[in-house]
Amino acid sequence: MGADGFDAVVVGSGPNGLAGALLLARAGRRVLLLEAEERFGGGLRSEELTLPGHVHDVCATVLPMAGVSVAFRALDLPVDFAHPPVPAAHPLDDGSAVLVHRDPARTAADLGRDGRAWQAVIGAAARAGNPLVDTLLAPLSPPRAPLAAARFGVLGLQPATMLARTAFRTVPGRAALAGMAAHSMLDLRSPVTGGFGMLLAALAHHAGWPVVRGGSQRLADLMTARLRELGGETVAGHRVSSLADLPPTGTVLLDVTPRQFLALAGDRLPPGYARRLARYRYGPGVFKLDWALDGPVPWKDPAVGRAGTVHLGGTLEEIALSEAQVARGVHPERPYVLLVQPCVADPSRAPAGGHTLWAYCHVPNGSTADMTAAIEGQIERFAPGFRDRILARHSMDSGAMQRHNANYVGGDIGAGAADLRQFAGRPVYSARPWRTPLPGVYLCSAATPPGPGVHGMGGYQAARLALRAR
């Protein structure tokens, strides 16, 4: 135990920092959690961004990985997950929509000629269940489902454009995969984007795409409360500017990206390691809108109103063009839009009869462009009359996203480009990338494997290494 009574200090209270802190505390370590902002949670924070009584998640809302990752399963938290009737939908210009149901067979039936392919590509991954999920979320550990992982890898390493065109024959089937894959924030012609689409679609079947009733902040609050029950101390509004400012302790977990770590460490890092961190690349940013509505979105296909998440962008070709433009530093005129209707699953987020809604599109890193008209234009394309439902709106460009969370460098909510190069070397090439050259200091943010998502695995893996070292 350190001179100030703490065995470990965790800097940053995003889902990874919280998961790491809890694993250390459950092992009997006394933990100090430090958070720069006034509220804990990082990307899990919720606020009344538009009107009183309207709860908006500032970043993460739909949390499919929180229910299945081993980091969260081990905590056994009393999280009240609310599932929409349909996890995801993808409307098309002819007024129809692809609905991704919890049941893969039902989704396959809706896809007609592509139904068998959906079952073979997505359904097989969903049926592999938690063993495959555990393998994919712990990519540097021995696989729990080696055969399923090998099959997933053969398909998932492909660019989404290639996988969509070889696996599916119809416009709806290809569009559905593209909408899933575009969560990667990568050019869909890039390797591994097919895997992003496969995993997210499979999770819709295996675990659903739930929200936390009352807002994602509730999950962060449950985790910080559990940490206090285990003897940990939590301090918000405490910004750490240097590792030298931390109390003496044997273990430090940093829920920060390489840019912040370089600043915190100063000249203490070996020059070679510091140079590798300085080469770490951040991906596109996002422009995000939140709305308070006086009723549900008037979709052309009313079935889309039952979906928690909606992918807007039309065909595979349109979505691929949009993401390629962003990768080149261009703002698309018709961007791919990721939209969430939280009240479909959790009506408590708005006063009776009202709705909250959020959406974002991808933009070049650090963009200051106002994409309000482009995003709302894409919604109107599939839901004419949408603008008439708006009571209030709130916008955040890439700079505002970074001010909300320092890990979102340039508005990159994934804490770093997740392309093939950084998929394998995140933040550096190493068998244990969470461990830094500084004794007892570990990185645990989404800039470490397995990357973006509310799964807590970066913190889980860093804490496991720290416990072994102790």
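Within any chain, residue numbers begin from 1 and follow the written order of that chain's sequence. pLDDT decides what is reported in this predicted model: residues at 70 or higher carry local features, side-chain atom pairs at 80 or more are listed and counted, and totals for whole chains, interfaces and linings draw on all residues regardless. Excluding hydrogens and water, the side-chain figures rest on all heavy atoms present in the structure.

Under an unreviewed UniProt entry, the protein chain has the name P49 secreted protein and belongs to Planobispora siamensis.

Chemist: Which residues make up the state of the cysteines, and what values do they have?
Modeler: The definition used for a disulfide is geometric: two cysteine sulfur atoms within 2.5 Å. For the structure on display, the rule yields zero disulfides. Its sulfur unpaired, C361 is 14 Å from the next cysteine sulfur, which belongs to C59.

Chemist: Describe in detail the packing of helix α4 (residues 115-137) against helix α5 (residues 146-156), supporting the description with residues and values.
Modeler: Structural elements are reduced to axes, namely lines fitted to C-alpha atoms, with helices fitted over the stretch in contact, and the angle between N-to-C directions of any two is expressed from 0 to 180 degrees. Helix and strand assignments come from DSSP, with helices taken as H or I runs of at least 4 residues and strands as E runs of at least 2, each series counted from the N terminus. Running from N to C, α4 and α5 cross one another at 120°; their axes reach a closest spacing of 9 Å. Relative to α5, the element α4 is oriented oblique. Crossing of α4 over α5 shows left-handed handedness. When α4 is examined against α5, the residues A120, V121, A124, A125, A128, L132, T135 and L136 are found in contact with a partner set consisting of A148, A149, R151, F152 and L155. Under this grouping Gly is polar, as are all residues other than the nonpolar Ala, Val, Leu, Ile, Met, Phe, Trp, Tyr, Cys and Pro and the charged Asp, Glu, Lys and Arg. Split into classes, the residues belonging to the contact of α4 with α5 amount to eleven nonpolar, one polar and one charged. For classification purposes, angles smaller than 35 degrees are called roughly parallel, those larger than 145 roughly antiparallel, those between 65 and 115 roughly perpendicular, and all remaining angles oblique. Whether a crossing is left-handed or right-handed is set by the direction in which the near helix is turned from the far one by less than a right angle, anticlockwise for left-handed and clockwise for right-handed. Every residue pair with non-hydrogen atoms within 4.5 Å of one another is taken to be in contact.

Chemist: So what's going on with a nonpolar patch on the surface? Residues and values would help.
Modeler: Only residues whose relative accessible area exceeds 30% and that form no salt bridge are eligible for patches; like-charged ones are grouped when within 9 Å, while nonpolar side chains (Val, Leu, Ile, Met, Phe, Trp, Tyr) are grouped when within 5 Å. The accessible surface values rely on the Shrake-Rupley method and a 1.4 Å probe; as for residues, cover is taken only from the protein chains in view. Here, a salt bridge means any side-chain nitrogen of Lys or Arg that lies within 4 Å of a carboxyl oxygen of Asp or Glu. On the surface, L157, L420 and F423 cluster together into a nonpolar patch covering about 290 Å² of accessible area. As for its placement among the helices and strands, L157 is situated in the loop between α5 and α6 (160-167).

Chemist: Describe the pairing of strand β6 (residues 86-91), naming the residues involved and giving the relevant values.
Modeler: In this scheme, a residue with accessible area under 20% of its type's maximum is buried, one over 50% is exposed, and one in between is partly exposed, where area comes from a 1.4 Å probe on protein chains only. Burial analysis of β6 places six of its six residues in the buried class, which makes it a mostly covered element. Pairing analysis gives three bridges linking β6 to strand β12 (residues 307-312), with the strands arranged parallel. What sits directly across from A88, in β12, is T309. Of the strand pairs in this sheet, β6 and strand β7 (residues 97-100) are connected by four bridges, and their pairing is antiparallel. At least two DSSP bridges between two strands are needed for those strands to be called paired.

Chemist: Explain the sheet that holds strand β15 (residues 390-396) to me, using residue names and the numbers behind them.
Modeler: Each strand in a sheet pairs with another by means of backbone hydrogen bonds, the pair being arranged parallel or else antiparallel. Spatially, β7-β6-β12-β13-β14-β11-β15 is the arrangement adopted by the seven strands of the open sheet, whose pairing is mixed. The sheet is open, and its two edges are formed by β7 and β15, each paired on a single side. Recorded for the sheet is a direction-independent mean angle of 20° between the axes of neighbouring strands. Helix α13 (residues 372-382) contacts β6, β11 (285-293), β12, β13 (337-340), β14 (355-363) and β15 of the sheet and is inclined by roughly 60° relative to β11.

Chemist: Pulling in residues and values, what's your account of the packing of aromatic side chains?
Modeler: How two aromatic rings sit relative to each other is given by the distance of their centres and the angle of their planes. Aromatic pairing here means that ring centres of Phe, Tyr or Trp (its six-membered ring) are within 6.5 Å. Orientation follows from the plane angle: under 30 degrees is stacked, over 60 is edge-to-face, and everything else is tilted. Scanning all chains against the criterion turns up four aromatic pairs. Ring plane angle 85° and centroid distance 5.3 Å describe the contact between Y280 and Y282, whose orientation is recorded as edge-to-face. When its relative accessible area of 6% is taken as the criterion, Y280 is described as buried. Y282 gets classed as buried once you look at its relative accessible area, which sits at 16%. Ring centres of W291 and F386 lie 5.4 Å apart, and the angle between their planes is 90°; on these two criteria the pair is classed as edge-to-face. Remark: F386 occurs in the loop between α13 and β15 and W291 occurs in strand β11; sequence separation between them is 95 residues. One exposure class covers both W291 and F386, and it is buried.

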